[in-house]
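# Structure at a glance
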Amino acid sequence: MRIVVAEDLYLLRDGMVRLIEAYGHEVVGTATTGPETLAALREFRPDVAVVDVRMPPTQTDEGLRAALAARAEVPGLPVLILSQYVEQLYARELLADGSGGVGYFLKESVFDADQFVDALERVAAGGTAMDPAVIAKLLSSGSSHRRLGGLTEREHSVLALMAEGLSNQAIAGRLFLSDSAISKYTTSLFGKLGITDDGSNNRRVLAVLAYLNNP
Amino acid sequence: MGVRGSWPARAGTGFVRACAVAAVTLLIPAVWAGAVVWGIAWGAANPWSWVGPLVLVCVGTLALARPVCRAVRFLVARWSGTAIPSGYRQAPPVTRMATGHWWNGFDYHRTRRDALMDQRWRLRWKDPANGRDLRFTAIAPFMAGIAACVPPAGVVLAAVGLGTGTPAALLGLLVTVASSPYAWRPVVPVAVRFLRPSATMALADRVNELTGQRADATVAQAAEIHRIERDLHDGAQARLVALGMSLATVERLMETDPERARALMREARAGATASLAELRDLVHGINPPVLNDRGLVDAVRALALDSPLETEVVADVPGRLDAPVESALYFGVAELLTNAVKHARATRMRISLAQDGTGLVVETEDDGRGGAVVRDGGGLAGLRRRLAVFDGSLEITSPAGGPTRARIMVPCESL
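Residues numbered from 1 in each chain as written. Chains lettered and ligands numbered in written order. Predicted model: local features only at pLDDT ≥ 70, side-chain atom pairs only at ≥ 80, totals over all residues.

## Focus: the overall build of chain A
If you tally the helices and strands in chain A, you get 11 helices and 6 strands. Among the 215 residues that make up chain A, the fraction classed as buried is 43%. Of all intrachain contacts in chain A linking residues separated by at least 6 positions in sequence, the fraction that spans at least 24 positions is 63%. (Helix = DSSP H or I, 4+ residues; strand = E, 2+ residues; numbered from the N terminus. Buried ≥ 20, exposed ≤ 12 C-beta atoms within 10 Å, placed from the backbone. Contact = placed C-beta atoms within 7 Å.)

As structure tokens, this is what we get:
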């Protein structure tokens, strides 16, 4: 994959580049400020970009805004946002266009290199990848809490993993259950929430996130 | 509050009020007149006969000045609804310092009794309000007292006229009825003009207020720094030490026991993740990232999203405010949200932020059970103190049974 890395701290940027290259992917460009990020995304049109939220010159959410601007120009441009903290507000903004190809992770998710690269690949393929912390916040917000009251505990955890962007197979692996058991849970929870399941994993995840995103 | 109603009713009320104004403002001149009569009665030519009247005048004036002013203030507030701040010095608490001495707000004393006596003396006789009160008692008889005498004087004239059977009776009655609705009125502007705290007193009050706020801010800042230091020391620092030790052990175990080394590595990674989470919470408590990134409105939206309440945010605030003001307002809203969840057991909350030409107003309303009170040392009192630094205010209405409404107002220039 061709990847752009936007991160202002040298140590983190360098580590990330080395990690990505160790998995056999190519880093085609790096950026250290918000405007540079937007320029790099326009120029290289990478398969996926890894973007830090807080960057110079203002040290505010430059990276996030650059990513949103690039996605407004190139709909569905795959972007994985990394941050020291996760905010529902930012997750909702990223998901708002409903076109997929987004990820939002805490920086320490890089500690588990396999999962990180797996998430990168999912995002590059147009899927979504959300940090468990983001999903936990989305699930526990006031309106979600009320609407999800009817789910069983197991259905709740299946929904959470699905919202992170995992396939049925991956969810089965995480929960130590069979694929068929997972599809039984998904059918019943979709019935309870009134979401239509059209079989495609990607669209299904987007439907779940859209459901959670709806305040 | 003006006098409404029919003409006779207005005249009647006005007459009573004029009599009250005349009685209050002419009390001290009456004492002076009494003293003069007394002196003449003892012998005007003998200087010694004036000693008694002189003492009477001095003591009477000093003792009566404050009650007279209080009475005028009370009457004006009752009749016109204009509350005139008195500006008298308030007694600061008498506290024992670490040195063992007692501080009464002005000076140190060896015993509590001395401190209290000194405080009472200073409050009564060294109050700059005394000079203003004396000046008012000298001005008021001329500017309000004489006018207020007209209706009662008319009555006297009428009575004399009736006794002698002259047309003066009719004239006296006419004067009373015609002047009654107006004769008491001059006391209101005179009191407003001369009885409010002088610029010097207002300045002194402001200095005292600011001194208090500065002390509060210093204490709060020190406590905050102490909390951050403790959190870092017990949390992230300790974890990093543990992490270093784990890595040192791993280095040793790598050759001899690779399986245990791998387990330790996993532990070390979990430790690093946990210390990052702790640092994140700490940073969030000091300066929430969204507040830094996006400003107050989005930060409040983020807060609302994270809250277990169903929260609606309505905002009309163009642009950014000063960072300290934003921070104070943000933590204010956070406090109110927490209270709504914890104490009021609310399920919904509405937050509105609006800015007009004079300031920024944040209003919240929940559907909880109410009964919130501002207690000393409580969260709401702390919030009020933090807002006071910006001359902001916090009003809470929270009847038992709910709902709780809060209004935070911070003056700031329009953007």
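## Considering the overall build of chain B
A tally of regular secondary structure across chain B gives 13 helices and 8 strands. When each of the 415 residues of chain B is scored for burial, the buried share is 25%. In chain B, once contacts between residues fewer than 6 apart in sequence are set aside, the share between residues at least 24 apart is 66%.

## A few points about the confidence of the model for chain B
Looking at chain B as a whole, the pLDDT averages 87, with 98% of positions reaching at least 70. In the predicted complex, the global pTM is 0.68; the interface-specific ipTM is 0.79. (pLDDT = per-residue confidence, 0-100.)

## Details of the pairing of strand 5 (residues 102-106) of chain A
Residue and element names in this part refer to chain A. Judged by how many residues are buried, strand 5 sits mostly within the fold: 5 of 5 residues are covered. In strand 5, alternate side chains face the same way, and those of Val102, Tyr104 and Leu106 on one face and Gly103 and Phe105 on the other are all buried. Examined bridge by bridge, strand 4 (residues 79-83) and strand 5 share 5 bridges and lie parallel to one another. Bridged to Leu80 within strand 5 is Gly103. Once you follow strand 4 into helix 4 (residues 88-95) and on to strand 5, the crossover reads as right-handed. Of the pairings in the sheet, the one linking strand 5 to strand 6 (residues 128-130) comprises 3 bridges and is parallel in character. Bridge assignment links Gly103 to a residue of strand 6, and that residue is Ala129. Between the parallel elements strand 5 and strand 6, the chain passes through helix 5 (residues 113-124) in a crossover that is left-handed. (Pairing = 2+ DSSP bridges. Right-handed = clockwise from strand over helix to strand, strands pointing away.)

## Regarding the nonpolar core
If you look at the biggest cluster of nonpolar residues, it comprises 92 residues, and the most contacted ones within it are A:Ala49, A:Leu80, A:Ile81, A:Tyr104 and A:Ala163. What A:Tyr104 contacts, discounting residues up to four positions off in sequence, is A:Ile81, A:Val86, A:Tyr90, A:Ala91, A:Leu94, A:Met130, A:Asp131 and A:Val134. Counting 25 residues, the second largest nonpolar core, distinct from the first, contains B:Phe15, B:Trp184, B:Val190 and B:Ala191. (Core = buried A, V, L, I, M, F, W, Y, C linked by C-beta atoms within 7 Å.)

## Re the interface of chain B and chain A
Taken together, the contacts link 21 residues of chain B with 15 residues of chain A. Listing elements by their share of the side of chain B that touches chain A, those giving two or more residues are helix 9 (258-286), helix 10 (289-294), helix 11 (296-306) and strand 4 (310-316) of chain B. It is helix 9 of chain B that contributes the most residues to the side of chain B that touches chain A, 6 residues altogether. Across the side of chain B that touches chain A, the residue classes break down as 8 nonpolar, 5 polar and 8 charged. (Nonpolar A, V, L, I, M, F, W, Y, C, P; charged D, E, K, R; others polar.)

## Considerations on the sheet that holds strand 4 of chain A
All names here are of chain A. If you walk across this open sheet you meet the 6 strands as 2-1-3-4-5-6, and the pairing is parallel. Pairing within the sheet leaves two strands with one partner each, and these edge strands are strand 2 (26-31) and strand 6. The sheet shows a mean angle of 20° between the axes of neighbouring strands, taken without regard to direction. Relative to strand 4, strand 3 (residues 48-52) runs parallel, the two being bridged by 4 bridges. The residue of strand 4 that forms the bridge with Ala49 is Val79. Sheet strands in contact with helix 5 are strand 3, strand 4, strand 5 and strand 6, and its direction is about 160° off that of strand 5. (Axes fitted to C-alpha atoms, helices over the stretch in contact; angles between N-to-C directions.)

## With respect to helix 3 (residues 62-73) of chain A
Residue and element names in this part refer to chain A. Helix length check: helix 3, at 12 residues, gives a terminal C-alpha distance of 17 Å against a target of 16 Å (1.5 Å per residue), a fit within 8%. Restricting attention to buried positions, one finds in helix 3 the residues Glu62, Gly63, Leu64, Ala66, Ala67, Ala70 and Arg71. Looking at the buried positions of helix 3, the neighbouring elements they touch are strand 1 (2-6), helix 2 (34-44), strand 3, strand 4 and helix 4. (Expected span 1.5 Å × (residues − 1).)

## Remarks on the sheet that holds strand 6 (residues 359-366) of chain B
Residues and elements named next belong to chain B. The strand order across the open sheet formed by 5 strands is 4-5-6-8-7, and the pairing between neighbours is mixed. Sheet topology places strand 4 and strand 7 (393-397) at the edges, where each strand pairs with a single neighbour. The sheet shows a mean angle of 10° between the axes of neighbouring strands, direction not considered. Pairing analysis gives 5 bridges linking strand 7 to strand 8 (residues 405-411), with the strands arranged antiparallel. Counted as the bridge partner of Leu394 is Ile408 from strand 8.

## Some words on the packing of helix 1 (residues 7-25) of chain B against helix 5 (residues 129-164) of chain B
All names here are of chain B. The interhelical angle for the contact between helix 1 and helix 5, taken along N-to-C directions, is 140°, at an axis separation of 8 Å. Considering their axes alone, helix 1 and helix 5 lie oblique with respect to each other. The chirality of how helix 1 crosses helix 5 is left-handed. Counted together, Phe15, Ala18, Cys19, Val21, Ala22 and Thr25 of helix 1 and Ala140, Pro141, Ala144, Gly145, Ala148, Cys149, Pro151 and Pro152 of helix 5 form the full contact between these two elements. Of the residues contributing to the contact of helix 1 with helix 5, the split by class is 12 nonpolar, 2 polar and no charged. (Parallel < 35°, antiparallel > 145°, perpendicular 65-115°, else oblique. Left-handed = near helix turned anticlockwise from the far one by under 90°.)

## Some remarks on the environment of B:Ala261
Residues and elements named next belong to chain B. Along the chain, Ala261 turns up in helix 9. Sequence separation between Ala261 and Glu251 is 10 residues, and the spatial gap between their C-alpha atoms is 7.9 Å. Excluding anything up to four places from it in sequence, Ala261 contacts Val250, Leu253 and Met254.

## Observations regarding the environment of B:Ile146
With respect to the element layout, B:Ile146 can be found in helix 5. Overall, the presence of 16 C-beta atoms within 10 Å leaves B:Ile146 in the partly exposed class.

## A closer look at the packing of helix 1 of chain B against helix 6 (residues 168-183) of chain B
Residues and elements named next belong to chain B. The interhelical angle for the contact between helix 1 and helix 6, taken along N-to-C directions, is 65°, at an axis separation of 7 Å. Comparing their axes, helix 6 and helix 1 come out roughly perpendicular. Helix-helix and strand crossings are classified by hand; for helix 1 and helix 6 the assignment is left-handed. Here Arg10, Ala11, Gly14, Phe15 and Ala18 of helix 1 lie close against helix 6, whose contacting residues are Thr176, Val177, Ser180, Pro181 and Ala183. Residues of the contact of helix 1 with helix 6, tallied by class, amount to 6 nonpolar, 3 polar and 1 charged.

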